[in-house]
Number of protein chains: 2
Amino acid sequence: MLLSKACVYGLRSSLFLASHEGDGYISIREMSEKLDISFHFLTKILQQLTSAGLMESHKGPKGGVRLTKSGSEVSLFEIVAAIDGTELFTECALGLPGCGVKKPCPLHDKWADTRDGIRLMLEGTNLVELAKKGKKENLRITEDGGFEWI
Amino acid sequence: MLLSKACVYGLRSSLFLASHEGDGYISIREMSEKLDISFHFLTKILQQLTSAGLMESHKGPKGGVRLTKSGSEVSLFEIVAAIDGTELFTECALGLPGCGVKKPCPLHDKWADTRDGIRLMLEGTNLVELAKKGKKENLRITEDGGFEWI
DNA sequence: AAGTTTTAAGAGTATTTTATCTTAATTTAA
DNA sequence: TTAAATTAAGATAAAATACTCTTAAAACTT
Ligand code: SF4
Ligand code: SF4
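Keep in mind that what you see is a predicted model, and the values were worked out from it rather than measured.

Caption draft 1: Spatial organisation of the site of ligand 1. Taken together, the residues surrounding ligand 1 are A:Glu91, A:Cys92, A:Ala93, A:Leu96, A:Cys99, A:Pro104, A:Cys105, A:His108, A:Trp111 and A:Arg115. Along the lines of polarity and charge, the residues of the shell around ligand 1 split into seven nonpolar, one polar and two charged.

Caption draft 2: A look at the relation of the copies chain B and chain A. With an RMSD of 0.0 Å, chain B superimposes on chain A once it is rotated by 180° and translated 0.0 Å along the axis. Accordingly, the operation relating the two chain copies is best matched by a two-fold axis. If distances are taken from each C-alpha of chain B to the rotation axis, the shortest is found for B:Leu2, at 2.5 Å. Take the interface residues of chain B: 100% of them recur as interface residues in chain A, which is what a same-surface contact looks like.

Caption draft 3: Representation of the protein's contact with DNA strand C. Around DNA strand C there are 23 residues in total, and A:Ser38, A:Phe41, A:Pro61, B:Ile28 and B:Ser57 lie nearest to it. The share of sugar and phosphate among atoms of DNA strand C within 4 Å of the protein is 61%. One of the side-chain N or O atoms of B:Ser57 is found 2.6 Å from a phosphate oxygen in DNA strand C. Where the surface near DNA strand C is concerned, the elements lending two or more residues are helix H1 (5–18) and helix H3 (39–51) of chain A together with helix H3 (39–51) and strand S1 (55–58) of chain B. Partitioned by chemical class, the residues of the surface near DNA strand C number six nonpolar, 11 polar and six charged.

Caption draft 4: Summary view of the interface of chain B and chain A. Contact with chain B, which involves 43 residues of that partner, is made by 43 residues of chain A. Between chain B and chain A, the buried area comes to about 3600 Å², and carbon and sulfur atoms account for 63% of it. By the criterion of area lost to chain A, the three top residues of chain B are B:Lys103, B:Pro106 and B:Arg140, representing 22% of everything that side buries. The interface formed by chain B and chain A contains four salt bridges. Between A:Glu129 and B:Lys110 there is a salt bridge; the shortest N-O distance is 2.9 Å. Of all the secondary structure elements, the ones that give two or more residues to the side of chain B that touches chain A are helix H1 (5–18), helix H6 (108–123) and helix H7 (127–137) of chain B. Ranked by residue count, the leading element in the side of chain B that touches chain A is H6(B), at seven residues.

Caption draft 5: How the structure looks around the packing of aromatic side chains. For the structure shown, the criterion picks out eight aromatic pairs over all chains. When the centroid spacing of 5.7 Å and the interplanar angle of 50° are considered together, the rings of A:Phe16 and A:Phe147 count as tilted. In this pair, A:Phe16 sits in helix H1 while A:Phe147 sits in the segment after helix H7 (127–137), placing the two residues 131 residues apart along the sequence. Of the residues examined, A:Phe147 reaches a relative accessible area of 3% and is grouped as buried. Relative to A:Phe89, the ring of A:Phe77 has its centre 5.1 Å away and its plane inclined at 50°; by these criteria the two rings are tilted. Taken together, the residues A:Phe77 in helix H4 (residues 76–84) and A:Phe89 in helix H5 (residues 87–90) connect sequence positions 12 residues apart. Like A:Phe77, the residue A:Phe89 is buried in the burial classification. One aromatic cluster is present, built from ring pairs that chain together A:Phe16, A:Phe147 and A:Trp149. The side chain of A:Arg66 reaches across the aromatic face of A:Tyr25, ending 4.3 Å from its centre. The ring of B:Phe39 is capped by B:Arg29, whose NZ or CZ atom sits 3.9 Å from the centre of that ring.

Criteria and cut-off values
Going along each chain's sequence as written, the residues are numbered from 1 onward. Key to labels: chains lettered from A, ligands numbered from 1, both in the order written. Two thresholds apply to this predicted model, a pLDDT of at least 70 for residue-level local features and 80 or more for giving and counting side-chain atom pairs, whereas whole-chain, interface and lining totals are computed over all residues. Based on all heavy atoms of the structure, the side-chain values leave hydrogens and waters out of the count. When we say a residue is near a molecule or strand, we mean one of its heavy atoms is within 4 Å of it. Side-chain classes follow a simple rule in which Ala, Val, Leu, Ile, Met, Phe, Trp, Tyr, Cys and Pro form the nonpolar group, Asp, Glu, Lys and Arg form the charged group, and the remainder, Gly included, forms the polar group. A least-squares fit on C-alpha atoms brings the copies together, and the residues used are those whose pLDDT is at least 70 in both copies. Two residues form a contact once any of their heavy atoms are found within 4.5 Å. For this analysis, a polar contact is any N or O atom pair within 3.5 Å, provided that within protein one partner can donate a hydrogen and the other can accept it, and provided that sequence-adjacent residues contribute only side-chain to side-chain pairs. Helix numbering and strand numbering both begin at the N terminus, where a helix is a DSSP run of H or I of at least 4 residues and a strand a DSSP run of E of at least 2. Take the accessible area each of two parts loses on contact, using a 1.4 Å probe, and add the two losses: that sum is the buried area. By definition, a salt bridge exists where a carboxyl oxygen of Asp or Glu is found within 4 Å of a side-chain nitrogen of Lys or Arg. Between the rings of Phe, Tyr and Trp (Trp by its six-membered ring), a pair exists once the centres lie within 6.5 Å; its type follows the angle of the planes, with under 30 degrees stacked, over 60 edge-to-face, and the other angles tilted. Only protein chains enter the accessibility calculation, which uses a 1.4 Å probe; a residue whose area is less than 20% of its type maximum is buried, one above 50% is exposed, and one in between is partly exposed. As a reminder, the over-ring test applies to NZ of lysine and CZ of arginine, requiring each to be within 6 Å of the ring centre and within 35 degrees of the ring normal.

Shown next as structure tokens:
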């Protein structure tokens with residue numbers, strides 16, 4: 001799998017938050033139920049996004065998390081980088097350490113292009129754009145398709 | 001990581017075999033030492049490639065493995081598919097099941113293009129091509145760069 | 001035929017990832 | 001000021017991946 005489970009959950013909930021922009025803090029419990037993700041696991045993932053500065057959290061009743069920046073300013077790349085790190089975009093298709101520094105592997109030229117393709121796609125896509133599209137075309141962000149865009 | 005460790009090891013040893021085409025069976029022990037991969041682990045990986053029909057093996061002294069087809073006919077995609085499967089090229093960036101069948105996720109269009117980019121790169125690259133390039137430019141396929149092309 | 005070399009196969013171990021559980025700290029509201 | 005709601009944090013558990021060990025089977029050499 002290209003992205004870890006944690007990362008995929010991070011993307012899904014970021015999308016959720018982008019579609020609720022301006023609604024204040026959204027509780028993690030609510031998100032975990034609507035998106036069908038384990039509450040405790042999601043909490044940990046969102047803590048990562050919070051400490052990366054992408055979200056801010058608030059405790060107590062009426063608490064929850066919300067995006068710090070406007071969703072249109074947050075690219076998928078930032079979320080992936082915060083959870084899975086940027087190794088995917090700097091390291092080797094053959095798993096060799098120190099790409100570009102020591103002598104490269106035979107696959108380098110082709111892989112570097114492919115790798116950049118992934119990065120550019122993630123950098124060039126923002127949360128609001130996706131949430132709008134999802135809402136307009138009634139696309140899904142849960143396994144059972146049960147989630148309804150507001 | 002895009003490809004599993006097993007898959008990367010499979011690619012490295014396939015590259016090794018391609019550069020030894022016509023030398024008959026190459027022992028797994030020799031490969032594991034030259035490529036610095038655990039012998040038993042490599043054995044299992046090569047068993048997968050053998051049962052997928054990409055390699056054939058022979059027991060006893062003078063035994064080992066060799067490519068069934070000419071290395072120029074084997075694409076990286078075949079090796080990846082035999083070890084990691086083709087999920088990467090059919091499934092969802094958001095980890096949702098049944099892509100294309102049920103309603104898609106908002107990322108689908110962009111992700112499908114990116115995904116195809118990875119597949120086309122792997123399909124469009126064959127073993128001999130890479131081995132030749134590696135030999136000519138003295139590129140590496142081991143971590144320490146210690147491997148020498150023959 | 002016996003001994004050696006080599007892959008095959010399955011069991012076993014270690015590490016990482018994924019997920020859960022428990023307790024604490026903070027904030028709101030009655 | 002007390003109770004309820006909520007995130008924070010750390011410990012634990014389960015599952016998946018990565019790796020190792022042991023024994024068996026096959027094939028070559030003498
Ligand atoms: S140079 Fe080769 S080894 Fe390094 S990252 Fe690129 S493909 Fe991988
Ligand atoms: S349609 Fe959406 S859910 Fe399905 S594979 Fe494509 S990106 Fe993933």
